[in-house]
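Here is what each chain is made of, one letter per residue.
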Amino acid sequence: QVQLVESGGGLVQAGGSLRLSCAASGTFFGLYAMGWYRQAPGKQRELVAQITRGGTTDYADSVKGRFAVSRDNAKIMVYLQMNSLKPEDTAVYYCNLQGATGSYWGQGTRVTVSP
């Protein structure tokens, strides 16, 4: 069983920064990519940023230039550095791991950006 545990969410003022972390544990094979999704109230879950095992990154247009995703393959961790936060970034952020055995999700960490 794969477990993903997120940390680092919280309340921040617009223009501030937060760093999210996600640690993966358990048994899985063929780790392809790790990343972050978010879901705001009344909206669908959307991709924020993703990084492959080889280091290729992909970002939502709305966060390009403000967010940076990184990973530690040895520790099986993924990070999301969020800068210049905006109220529209308010959402629950979910860690995701894609492997040969499936796609796994964390429980989510809430990020609230006040005006």
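First, a word on scope: everything that follows refers to the structure included in this document. (Residues numbered from 1 in each chain as written. Predicted model: local features only at pLDDT ≥ 70, side-chain atom pairs only at ≥ 80, totals over all residues. Heavy atoms only, no water.)

1. Comments concerning the pairing of strand β7 (residues 67–72)
Condition: Think of it in three bands: with a 1.4 Å probe and only protein chains considered, a residue is buried below 20% of the maximum accessible area for its type, exposed above 50%, and partly exposed in between. Counting from the N terminus, the helices are DSSP H or I runs at least four residues long and the strands are E runs at least two residues long. For two strands to pair, DSSP has to find at least two bridges joining them.
Along β7, the buried face is formed by F67, V69 and R71; none of A68, S70 and D72, which line the opposite face, is buried. What sits between the antiparallel neighbours β7 and strand β8 (residues 77–82) is a turn of 4 residues, in which I76 has the positive phi angle 55°.

2. Here's the deal with the side chain of N96
Put simply, the rule is: N or O atoms closer than or at 3.5 Å make up a polar contact, with two conditions inside protein: a donor-capable atom paired with an acceptor-capable one, and, for residues adjacent in sequence, both atoms drawn from side chains. In what follows, residue pairs with any heavy atoms lying within 4.5 Å of each other are defined as contacts.
Considering the arrangement of structural elements, one finds N96 in strand β9 (residues 91–99). Among the polar contacts made by the side chain of N96, one reaches the side chain of S103 at a distance of 2.9 Å. Ignoring sequence-local partners within four residues, the contact set of N96 consists of L4, A33, M34, G35, Y37, S103, Y104 and W105.

3. Topic: the environment of V113
With respect to the secondary-structure elements, V113 resides in strand β11 (residues 109–114). For V113, a relative accessible area of 4% translates into the label buried. Non-local contacts of V113, meaning those with residues more than four positions away in its chain, are made with V12, Q13, A14, L85, K86, P87, D89 and T90.

4. Section: the state of the cysteines
Applied cut-off: Disulfides are defined as cysteine sulfur pairs within 2.5 Å.
In this structure the tally under the stated criterion is 1 disulfide. In this model, C22 is linked to C95 through a disulfide, with the two sulfur atoms separated by 2.0 Å. Taking the torsion about the S-S bond as the criterion, the C22 to C95 disulfide, at about -85°, is left-handed. With C22 in strand β3 (residues 18–25) and C95 in strand β9, this residue pair connects regions lying 73 residues apart in the sequence. Overall, C22 belongs to the buried group, its relative accessible area being 0%.

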